Amino acid sequence: MKNPLMRKSIIVAMISLLCFGIFATMYTNYLSRNLFDETNQFLKDTTIQTAIAVKNKMNENITQLQTIALMIQETQINKEDLFDYLSQLALKNGEKRFGIADINGDVITSDQQTFNIANRQYFQDSLNGQNRISHPIQDYVDGKYINVCSVPVYNQNNEVIAVLFATFSTDKLSYILSSATYNDVGYSFIFDDKGNVILSSTLNTEFLDINDISQGILDNIDAQGNGILTFIDENQTQNYLIYANVEDTDWLVASVFAQEAATGKIQTFVRTAFITWLIIGCGSALLISYVYFIQRKNKMQITKLAYIDPITEHDNFNKFLEDCQKNHHLSQYVLVNCDIKGFKWFNEIYGEEIANKLLKTVILCMKENCHDDELYCRQQADHFVMLLRKENHGDLQTRLLNLAHYIRSQFLNKQITSQYYFYFSLYDIDNDNIDIHVAFKKTQYVKKELKELSKDDVIFYQESFFQEGLYAQQIEKDFQDALDHSHFQVYIQPKVELDTGTVHCGEALARWHHPKHGTISPGTFIPIYEKNGMLEILDAFVLEKVLQKLSYWKEHYHKEISISINVSRTYLFNEGYVDQFIELIESYPIHTSQIEIEITETTALNHKEELIVILNKLKKHHFRISLDDFGSGYSSLNMLKDFPIDVVKIDQEFFRTNAYTHTRSHIIIEEVIELCHKLNIIVVAEGVENIEQRDFLVDHHCDYIQGYYYYKPMPINEFEDLFVKETDR
Ligand code: C2E
Ligand code: CA
Ligand code: CA
């Protein structure tokens, strides 16, 4: 059977069935043994009762005879009266007759019969002073079977002068045995210790010797006790013989009947009980195996959920962590955290199926690349972890770079035109007992150090990364506190219009005056907040401050100052973000054209179509759009062609030159200015620090300068004092 769970369930069913079978057998054995014991006891008891009844009956007869004998001895009763009395007594008590025999055996009976019993054994015994009850003998009168009770009759000298006897028809006497025939299922009889049958419940006594029933049976009988024997009769029927001694005699009462009659019902009952148990057993076995099946199936599903990654169908991170903790030589390994740079848009651009296929390919390639003791899994999204054997850093780097190449070679897909790269962050485990979570956390600190270059990269953890990570965490933690305590402030860096030499616009920049760390540069905290989403809050704070000031300036100084604000690319594309942005600004009594939105080139890089839609929407509401840091990244002249841009801000880097780049930079700036002007785009030069740079820009008709040469960013109130109030005076 292919399904191992099914196989196990069947085994469980069979084991359950076996257990039930054994139990049912033991139970029915116990039941039948008990029932048989009880039946045997009942049979014995009945026979013993019958033996007691027989003894009582015999004693009664003998006592009666002894009483009459004593009467004869004592009272000299005349013969006629005596026989009258005896015949009446016989009539009343059911004896066939009474009789008195003289010492020669000549008999006179109550029914006027005369015969001689000299050769009868009972006569001889009673003549010798014994009370006797004879075996069945044939009546001298009518040839029928009789039993005779006899007692001696003494004279005054205590000499036996006669024998008094009572004759019973055997068939009439046999009623005392009726209770031992068990409703005529069997028959019963009385026999003596020599095996001679004395009285039988059957009308015609077919046997006169117990050995006629079964040869040698007498040898097995305890003549003074009771018991049960079994024997097979001539009809090959198994029979019971239950016997019990009649107290103070050498007689035994016996019952015989076919075993079948006594135990047939028990056997049927036991068989029914066994079958019932077996049916219950089968049902229970099926139920148990079904419950087992369902339980195991659920457990397997839960295990799968808990330990299997649904996308790669390989171990998930939980399983990876567990397996790591089972390894007691962790210091011989390196923990690798691997990210796919550029995967972010795979789902959206190529669809989930292809994106998942790449993730699967990564796992398959890792599988091929790893030794048996090494581990690997998808941690989440496009992140993977591996536990690899330690090698020197160079070899490990080569191994991982080769792995990256191999993955790319295995994932060949004509549709995929996007580049993707593998960033490996490694932590050299130095302690067998390390908590693997801690090691993983360290690889995450490495990630923050990756320069995001367009190539595969392998970086090893250094302790300084951790410190920087801690600092970043601290910065994250302090964010809300800084907002609440106004540690964030809005600075404005004025932009000088070169034609007029005046300032009527500026760029809003955030400043953080940290109570412990002093002023923190936006270059430090902006990238951190951009990643965790806090930048949206900070930008909203800056924007509101700016809007409040612009409204104030308009109301009090009737000045429509223009301020540019930086908008982060990470949430510009968020659903509803732009609408909320527009709504907020329009709720202030200023003109939307006073707000200039600075977007960076990288914003435009990936979502050109969406960005055009967004910018057009902003344009429709008369916002000004400025392309920040122009020339710093992958600028494409197409951007100038496709986007509705009002302003280009030439990146500061063009002014950070050396002997070689100086002239070339100037040529580029010159051309950019000319190009922009032809496209009706205003040009702002950022990062201008000296007169030489300023003069060059003036010569080439740059429109605005934003740089330390003129002004550094200043608190918004200072900007107000210098350029809003002042111009109003
Ligand atoms: P950016 O938008 O390019 O801003 C111009 C940066 O150049 C500012 O740095 C400014 O102080 C600096 N700068 C201007 N003139 C000169 C100069 O002559 N020499 C030199 N060396 N630097 C000059 P800052 O304020 O440190 O801001 C750094 C970046 O942080 C900004 O670059 C901007 O991208 C971002 N940023 C600052 N404030 C905010 C904000 O409120 N929101 C967002 N989203 N980003 C902000
Ligand atoms: Ca800017
Ligand atoms: Ca800039």
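Note that this is a predicted model, so its numbers are computed, not measured.

Below, the discussion takes up the coordination of the calcium ion (ligand 2). Taken together, E507 (OE), N566 (OD1), E598 (OE) and D628 (OD) make up the protein donors of the calcium ion (ligand 2), found 2.1 to 2.3 Å from the metal. On the primary sequence, the residues serving as donors to the calcium ion (ligand 2) are separated as E-x58-N-x31-E-x29-D. The two metals, the calcium ion (ligand 2) and the calcium ion (ligand 3), are separated by 4.0 Å and share D628 as a common coordinating residue. You can see E507 sitting in strand β19 (residues 502-514) and its partner N566 sitting in strand β21 (residues 562-566), a full 59 residues away along the chain.

Taken together, the neighbourhood of ligand 1 is formed by 22 residues, with R511, D539, Q652, E689 and Y708 sitting nearest. Backbone polar atom of A510 to a nitrogen atom of ligand 1: 3.0 Å apart, as the coordinates give it. Interatomic distance of 2.6 Å between a side-chain N/O atom of E689 and a nitrogen atom of ligand 1. Summarising the interface, the protein chains cover 83% of the accessible area of ligand 1, which totals 790 Å² for the free molecule. At the level of secondary structure, the elements contributing two or more residues to the shell around ligand 1 comprise β19, α13 (522-532), α14 (534-557) and β23 (624-630). It is β19 that provides the largest number of residues to the shell around ligand 1, a total of 4 residues. For the shell around ligand 1, the per-class residue count stands at 9 nonpolar, 6 polar and 7 charged.

With that settled, the discussion passes to empty space enclosed by the protein. One way to see where empty space is left: roll a probe the size of a water molecule over the atoms. Overall, the coordinates contain 2 cavities of 30 Å³ or more when judged by the stated rule. The space that makes up the largest cavity amounts to roughly 50 Å³. Counting residues per element, the ones that place at least two in the lining of the largest cavity are β6 (145-154) and β7 (160-169). Of the residues contributing to the lining of the largest cavity, the split by class is 7 nonpolar, 1 polar and 3 charged.

Okay, the packing of aromatic side chains next. Taken as a whole and judged by the stated rule, the model has 33 aromatic pairs. Summarising the aromatic geometry, the rings of Y445 and F466 are spaced 5.2 Å apart at their centres and angled 80° between planes, so their arrangement reads as edge-to-face. Linking Y445 in helix α10 (residues 436-447) with F466 in helix α11 (residues 463-477), this pair joins segments that are 21 residues apart in sequence. Among the aromatic residues, ring-to-ring pairing joins F343, F346, Y350, F411, Y420, F422 and F424 into one connected group. Directly above the ring of F466 sits K442, whose terminal nitrogen or CZ lies 5.4 Å from the centroid. In this arrangement the basic side chain of K549 is found over the ring face of Y552, its NZ or CZ atom lying 5.5 Å from the centre.

This brings us to the coordination of the calcium ion (ligand 3). Bound to the calcium ion (ligand 3) on the protein side are D628 (OD), D629 (OD), E686 (OE) and E686 (OE), at distances that span 2.1 to 2.8 Å. Read in sequence order, the donor residues coordinating the calcium ion (ligand 3) give the pattern D-D-x56-E.

Residues F581, I595, L618, L697 and F719 are the most contacted members of the largest nonpolar core, which totals 77 residues. Tallying contributions element by element places α14 first for this core, with 9 residues. Once you skip the residues sitting within four places of it in the chain, F581 turns out to touch L543, I565, V567, I597, L618 and F623.

Closest axis-to-axis distance for the α14/helix α16 (residues 577-586) pair is 11 Å, and the angle between their directions is 20°. Compared by their axis directions, α14 and α16 come out roughly parallel. Handedness of the α14/α16 crossing: right-handed. Contact residues: α14 offers E536, L543, E544 and L547, while α16 offers Y577, F581, L584 and I585. Tallied by class, residues from the contact of α14 with α16 come to 6 nonpolar, no polar and 2 charged.

Reading across from one edge, β14-β15-β13-β16-β17 is the order of the 5 strands in this open sheet, with mixed pairing throughout. Looking at the sheet topology across the chains shown, the edges are occupied by β14 (375-380) and β17 (457-460). Mean inter-strand twist for the sheet, computed between neighbouring axes without regard to direction, equals 20°. The pairing of strand β13 (residues 333-341) with strand β16 (residues 421-428) spans 8 bridges and is classified as antiparallel. The partner of V336 across the bridge, within β16, is L426. Those strands touched by helix α6 (residues 317-326) are β13, β14 and β15 (383-389), and its axis lies near 140° from that of β14. Helix α9 (residues 393-410) contacts β13, β15, β16 and β17 of the sheet and is inclined by roughly 150° relative to β16.

The computed volume of the second largest pocket comes to approximately 330 Å³. Looking at the second largest pocket, it is lined by 18 residues, and the ones nearest its centre are I72, I100, V153, I161 and A162. Across the lining of the second largest pocket, the residue classes break down as 11 nonpolar, 4 polar and 3 charged.

In the structure shown here, the tally under the stated rule is 30 salt bridges. Salt-bridge contacts for K390 lead to D428; the nearest nitrogen and oxygen are separated by 3.9 Å. Pair noted here: K390 is in the loop between β15 and α9 and D428 is in strand β16, with a separation of 38 residues, a long-range link. Of the residues examined, D428 reaches a relative accessible area of 27% and is grouped as partly exposed. When salt bridges that share partners are traced, they join K495, E507, E596, E598, R624, K649 and E686 into one network.

Residues L287, Y290, V291 and I294 make up a contiguous nonpolar surface patch of about 380 Å² in total accessible area. By the secondary structure assignment, Y290 is in helix α5 (residues 259-307). Owing to a relative accessible area of 51%, Y290 belongs among the exposed residues under this scheme.

The contact between α11 and α13 brings their axes to 10 Å, and the two run at 70°. The pairing of α11 with α13 is recorded here as roughly perpendicular in orientation. Residue-level inspection shows Y471, A472, I475 and E476 of α11 in contact with α13, the latter providing T524, F525, I528, Y529 and N532. Residue composition of the contact of α11 with α13, grouped by class: 6 nonpolar, 2 polar and 1 charged.

About the criteria used
- Residues numbered from 1 in each chain as written.
- Chains lettered and ligands numbered in written order.
- Predicted model: local features only at pLDDT ≥ 70, side-chain atom pairs only at ≥ 80, totals over all residues.
- Heavy atoms only, no water.
- Donors = N, O, S within 2.8 Å, 3.2 Å for Na, K, Ca; no water.
- Helix = DSSP H or I, 4+ residues; strand = E, 2+ residues; numbered from the N terminus.
- Near = heavy atom within 4 Å.
- Polar contact = N/O pair within 3.5 Å; in protein donor to acceptor, adjacent residues only side chain to side chain.
- Areas by Shrake-Rupley, 256 points an atom, 1.4 Å probe, with all protein chains shown as cover.
- Nonpolar A, V, L, I, M, F, W, Y, C, P; charged D, E, K, R; others polar.
- 1 Å grid on protein atoms, 1.4 Å probe; cavity = no way out; pocket = protein on both sides within 12 Å on 5 of 7 lines; lining within 4 Å.
- Points joined across faces, edges and corners; volume = space filled by probe spheres on them.
- Phe/Tyr/Trp six-rings, centres within 6.5 Å; stacked < 30°, edge-to-face > 60°.
- Lys NZ or Arg CZ within 6 Å of the ring centre and 35° of its normal.
- Core = buried A, V, L, I, M, F, W, Y, C linked by side-chain atoms within 4.5 Å.
- Buried < 20%, exposed > 50% of the residue type's maximum accessible area, 1.4 Å probe, protein only.
- Contact = heavy atoms within 4.5 Å.
- Axes fitted to C-alpha atoms, helices over the stretch in contact; angles between N-to-C directions.
- Parallel < 35°, antiparallel > 145°, perpendicular 65-115°, else oblique.
- Left-handed = near helix turned anticlockwise from the far one by under 90°.
- Pairing = 2+ DSSP bridges.
- Salt bridge = Lys/Arg side-chain N within 4 Å of Asp/Glu carboxyl O.
- Patch = residues over 30% accessible without salt bridge, like charges linked within 9 Å, V, L, I, M, F, W, Y side chains within 5 Å.

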